[in-house]
Amino acid sequence: MKIICIGRNYTKHAKEMDADIPTAPMFFMKPDIALLRPGRPFFYPEFSRDIHFECELVVKIDRVGKNIAEKFAHKYYSEIGLGIDFTARDLQRKCKEKGHPWEIAKSFEGSAPISKEFIPKKELNLDDLPFTLKKNGELVQGGNANDMIFKIDVLIEYISQFMTLKKGDLIFTGTPEGVGPIAIGDELIGSIGGREMFKVKVK
Ligand code: MG
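To keep things clear, this report deals only with the structure shown in the data block. (Residues numbered from 1 in each chain as written. Predicted model: local features only at pLDDT ≥ 70, side-chain atom pairs only at ≥ 80, totals over all residues. Heavy atoms only, no water.)

## As for the packing of aromatic side chains
At step 1: All chains considered together, the criterion is met by eight aromatic pairs.
At step 2: Pairing Phe47 with Phe108 gives two aromatic rings, centres 5.3 Å apart and planes at 70 degrees, and the pair type is edge-to-face. In this pair, Phe47 is assigned in the loop between strand E3 (35-36) and strand E4 (51-53) and Phe108 in the loop between helix H3 (103-106) and strand E8 (112-113), connecting sequence segments 61 residues apart.
At step 3: Among the residues examined, Phe47 registers a relative accessible area of 43% and is labelled partly exposed.
At step 4: Taking the relative accessible area as the measure of exposure, Phe108 reaches 8% and is therefore buried. (Phe/Tyr/Trp six-rings, centres within 6.5 Å; stacked < 30°, edge-to-face > 60°. Helix = DSSP H or I, 4+ residues; strand = E, 2+ residues; numbered from the N terminus. Buried < 20%, exposed > 50% of the residue type's maximum accessible area, 1.4 Å probe, protein only.)

## Here we look at the coordination of the magnesium ion
At step 1: For the magnesium ion, the full set of protein donor atoms is Glu54 (OE), Glu56 (OE) and Asp85 (OD), at a range of 2.0 to 2.1 Å.
At step 2: Sequence positions of the donors to the magnesium ion reduce to the motif E-x1-E-x28-D. Pair noted here: Glu54 is in the loop between E4 and strand E5 (55-61) and Asp85 is in the loop between strand E6 (77-84) and strand E7 (87-88), with a separation of 31 residues, a long-range link. (Donors = N, O, S within 2.8 Å, 3.2 Å for Na, K, Ca; no water.)

## Structural notes on the environment of Asp85
At step 1: Asp85 gets classed as buried once you look at its relative accessible area, which sits at 1%.
At step 2: In sequence terms Asp85 and Phe53 are 32 residues apart; their C-alpha atoms lie 6.4 Å from each other.
At step 3: The contacts of Asp85, once residues within four sequence positions are left out, are Phe28, Lys30, His52, Phe53, Glu54, Glu56, Lys106, Ser111 and Phe172.
At step 4: Here the side chain of Asp85 touches Lys106 through a polar contact of 2.8 Å, side chain to side chain. (Contact = heavy atoms within 4.5 Å. Polar contact = N/O pair within 3.5 Å; in protein donor to acceptor, adjacent residues only side chain to side chain.)

Given below as structure tokens:
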């Protein structure tokens, strides 16, 4: 399986990162060992001093497809989950300065906590789907699928031009504004529409 992550898919987040608003989707990937299984703690890695949370809706692909047209994209996923795209912001800054790829900042072990549960999309309104992240009980991120610059079906069309999507692949759809640092001892709780989806402890 592969994990595809969309960058800068919310206007306010692109602005908080001093980045341009993209005119086409941009994505990068994480390896399977980036997945942090539900209930497991995240161990703060030694190579960074500035790990940030980025809470994101996650689409699970459940059918193989290549060159999927936007109008058919809805047939390729039936469940939505929630995850975090942990980012070593200090390393990412250096990668950006040097024009290097982002993998060391984005694709490390445990950098993709994922919800245990995925919600059938027929139970959800993708045009109005709020989600939140709380850090130590305090609301730090609140987003809505409706604020995505590129909606899920557009992302599937775009990605599938370049690579076949397979059953079990995950698409992290980008983070809203409010990203920030974590510290050892923190507890992160993500919810979709008030329904708790994951709890991650930082150790
Ligand atoms: Mg992200």
